[in-house]
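Descriptive analysis of the structure
These are the residues of each chain, in order.
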Amino acid sequence: MSPVATPLPEPVAAQLAAVVGRQHLRVGDEILPEYGHDEALSLPPHVPDVVVLPGSTDEVARIVEVARALAVPVTARGSATGLSGGCLPGHGGIVVSFERMDRILSIDTANHAAVVQPGVTLAQLNVALAEHHLTYPVAPGEDSASLGGTVATNAGGMRAVRHGVTRQHVTGLQIVTGTGAVVRLGGMVTKASSGYDLVQLVVGSEGTLALITEVTVRVVGILDHAATVVAPFPTLEGATSVVPTLLESGLQPSIVEYIDQLSMAGVTEHAGIELAIPEKERASALAYLVIVVEQRTRDRLDEDVEELAGLLEAQGATNTYVLAPSAGAGLVRAREQAFWAAKAAGADDIVDVVVPRAAIAPFIESVGALAAAAASLVIGCGHAGDGNVHLSVFQPDPAIRHRLVGDMLTAGKALGGLISGEHGIGVAKKPYFAELEDPVHLDLLAGIKAAFDPAGILNPGTTIDPIDPIDPAGHRDLAGPAHPVDPVDRGGGGIRHPGAQAPAR
Ligand SMILES: Cc1cc2nc3c(=O)[nH]c(=O)nc-3n(C[C@H](O)[C@H](O)[C@H](O)COP(=O)(O)OP(=O)(O)OC[C@H]3O[C@@H](n4cnc5c(N)ncnc54)[C@H](O)[C@@H]3O)c2cc1C
């Protein structure tokens, strides 16, 4: 299915050009296909009507004012590495791409903080921080992700087991609300008890409450010595049941990942890595733990690795392999890139359920039964220390897949879990969120949304917005038969939000 552009809304383009300059506006054929998709596997692309590249907070505020006056949807876009379709302009309208707002404004070594514009990437920030022997430890698998996007999704990643997720690092924001108001929240402070915590409300809000134009984050010192340990286990339950003992041991691992047998074969092959684990042992290992420990000195690291190996073997690992630094870094990188391996293998969807970490094994057992009943293949790996399970779903039939994913999410919720641990709801998970969440919870979220964005112009059709994710020209078909779509006003063509006034054209 190819994306179809809606007619260009001339008044919008003209007014946006007056704000940012014509050279920072993309319309019609100037809009590259990249602006119409992220990395969500299950969603078709959709080109925006206009892409605008602001250079300042003031320009962002004026863009929102234009959009509000003309009732045009606004979708924020960082690096488009998201896995839930959050930056897809499902209802056309304006994509605000933050690629020009890519400056690191300050690195404060006394307060261990960095202040950045939203288009700064994780890689860019960490290169600058390394000069001060500092790092920003939030590491979702794709370091081309932007700070704005990672804040908007509350990105997690492998190092969350020691350092926490984005939420634990953001202390201040500058935002533009859906009314075009500019406000500073929080600051370079380590604690806050000054009214409702709006910083934390905006973190994870997926572009639906506000556009983030500046971010202040905590950063940490770099530990110079690291070791990667791989432990094969005869069962997945064996691998995940070690985690509580490991976390109370005081070893403070910075990464604790589980990888199932098929996924380990897939990611190592995709990355061209050969682990020195004998074939016989590989054949009997249904799961692996990959653990990284970091220390200030070599001696302390060696002590930790020895203790770790003893702990793992006492808890049922068939062996432990301490990888050479380059092989260790290669395996961690390969695990980070597991998504690309799954995509290359033809995965149809990715699920990132989070459950209480002791419930990983029963959850995976339920998933196995559900996958078998649906004649589908579901394999995966995940952040074992956080109970965050990443599953690749191979089932090409959209209706069967939709039911299967819904059943998997229901199983996760029954164990005390949530639909998404870090990828967000976006468009891809919205039908499940609407169906599985407590309606009172959804009502509270809707009230908060209305306070920040009364006209409903920010990222319509995502997370909790009841309008369907099908574009007005009928080019999207995301929800399966179990989730009938809500009626949408498709009159006028193109970019109208049903809750907003008709756009002037
Ligand atoms: C190979 C791979 C591995 C990954 N591994 C992980 C992982 O381990 N953990 C994890 O958490 N994620 C992971 N991801 C997902 C992705 O990297 C994160 O979701 C990331 O946070 C998205 O950042 P982005 O800049 O690409 O945002 P985008 O995809 O551009 O946007 C994501 C959301 O944020 C909103 N947004 C973007 N910028 C702003 C802004 N300035 N103001 C307001 N809203 C904004 C968008 O509207 C959208 O809703 C992975 C992705 C890939 C491709």
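Here goes a summary of the coordinates provided. (Residues numbered from 1 in each chain as written. Predicted model: local features only at pLDDT ≥ 70, side-chain atom pairs only at ≥ 80, totals over all residues.)

Here we look at the sheet that holds strand β2 (residues 50-52)
Quick note on the threshold: If DSSP finds at least two bridges between two strands, the strands pair. Working definition: helices are DSSP H or I runs of at least four residues, strands are E runs of at least two. Numbering for both runs from the N terminus. To obtain an axis, a line is fitted to C-alpha atoms, over the contacting stretch when the element is a helix, and the angle between two such axes runs from 0 to 180 degrees between their N-to-C directions.
In space, the 4 strands of this open sheet follow the order β1-β2-β4-β3, with mixed pairing throughout. Of all strands in the sheet, those with a lone pairing partner are β1 (25-27) and β3 (74-77), marking the two edges. Ignoring which end each strand starts from, the neighbouring axes of this sheet average 20° apart. Where β3 and strand β4 (residues 94-97) come together, 4 bridges link them in parallel fashion.

Comments concerning the pairing of strand β10 (residues 210-218)
To be explicit about the condition: A residue is called partly exposed when the number of other C-beta atoms within 10 Å of its own lies between 12 and 20, exposed at 12 or fewer, and buried at 20 or more, with C-beta atoms placed from the backbone.
Of all 9 residues making up β10, 8 are buried, and the element is well covered by its neighbours. Taken together, the 4 bridges between strand β6 (residues 113-116) and β10 define a ladder with antiparallel strand orientation. Directly across from V116, in β10, lies its bridge partner V215. In this structure, strand β8 (residues 170-177) lies alongside β10, joined through 7 bridges in antiparallel fashion. Each bridged residue has a counterpart across the sheet, and for G172 the counterpart in β10 is T216.

As for the packing of helix α9 (residues 261-271) against helix α12 (residues 325-336)
Stated precisely, the cut-off is as follows: Roughly parallel covers angles under 35 degrees, roughly antiparallel covers those over 145, roughly perpendicular covers 65 to 115, and oblique covers all other angles. In this scheme, a crossing is called left-handed if the near helix is turned counterclockwise away from the far one by less than a right angle; it is called right-handed if the turn is clockwise. C-beta atoms are placed from the backbone for every residue, and two residues are taken to be in contact when these atoms lie within 7 Å.
The interhelical angle for the contact between α9 and α12, taken along N-to-C directions, is 110°, at an axis separation of 9 Å. Compared by their axis directions, α9 and α12 come out roughly perpendicular. Handedness of the α9/α12 crossing: right-handed. Residues V267, T268, H270 and A271 of α9 pack against G330, R333, A334 and R335 of α12.

Remarks on the site of the ligand
Inclusion rule: Any residue qualifies as near a molecule or strand once its backbone-derived C-beta atom lies within 6 Å of it. Each residue gets one label: Ala, Val, Leu, Ile, Met, Phe, Trp, Tyr, Cys and Pro are nonpolar, Asp, Glu, Lys and Arg are charged, and the others, such as Gly, are polar.
Neighbouring residues of the ligand: 39 residues in total, closest G78, G86, G141, G148 and G149. Looking at the shell around the ligand, the elements with two or more residues in it are β3, α4 (147-153), β10 and α13 (338-344). Among the elements that line the shell around the ligand, the one with the most residues is α4, at 5 residues. Per-class residue counts for the shell around the ligand are 14 nonpolar, 19 polar and 6 charged.

Notes on the pairing of strand β12 (residues 225-233)
Along any regular strand, the residues point their side chains to alternate faces of the sheet. Across the 9 residues that make up β12, a large majority, 7, are buried. Across 9 bridges, β12 lies against strand β14 (residues 287-295) in antiparallel orientation. Each bridged residue has a counterpart across the sheet, and for T228 the counterpart in β14 is V292. Where β12 and strand β15 (residues 321-323) come together, 3 bridges link them in antiparallel fashion. For T228, the partnering residue across the bridge sits in β15 and is L323.

What to know about helix α11 (residues 298-314)
The test is simple: A helix is expected to span 1.5 Å for every residue after the first. The arc refers to the directions leading from the helix axis to the C-beta atoms.
End to end, α11 covers 24 Å across 17 residues, agreeing with the expected 24 Å (1.5 Å per residue, within 8%). Among the residues of α11, those classed as buried are D304, L308 and L312. Buried residues along α11 cover an arc of 65° about the axis, so they all sit on one side. Turned more than 90 degrees from where α11 packs its buried face, D299, E306, G310 and A314 sit exposed. Elements that come into contact with the buried residues of α11 comprise β12 and β14. A positive backbone phi angle near 115° is found at G316, which sits one or two residues after α11.

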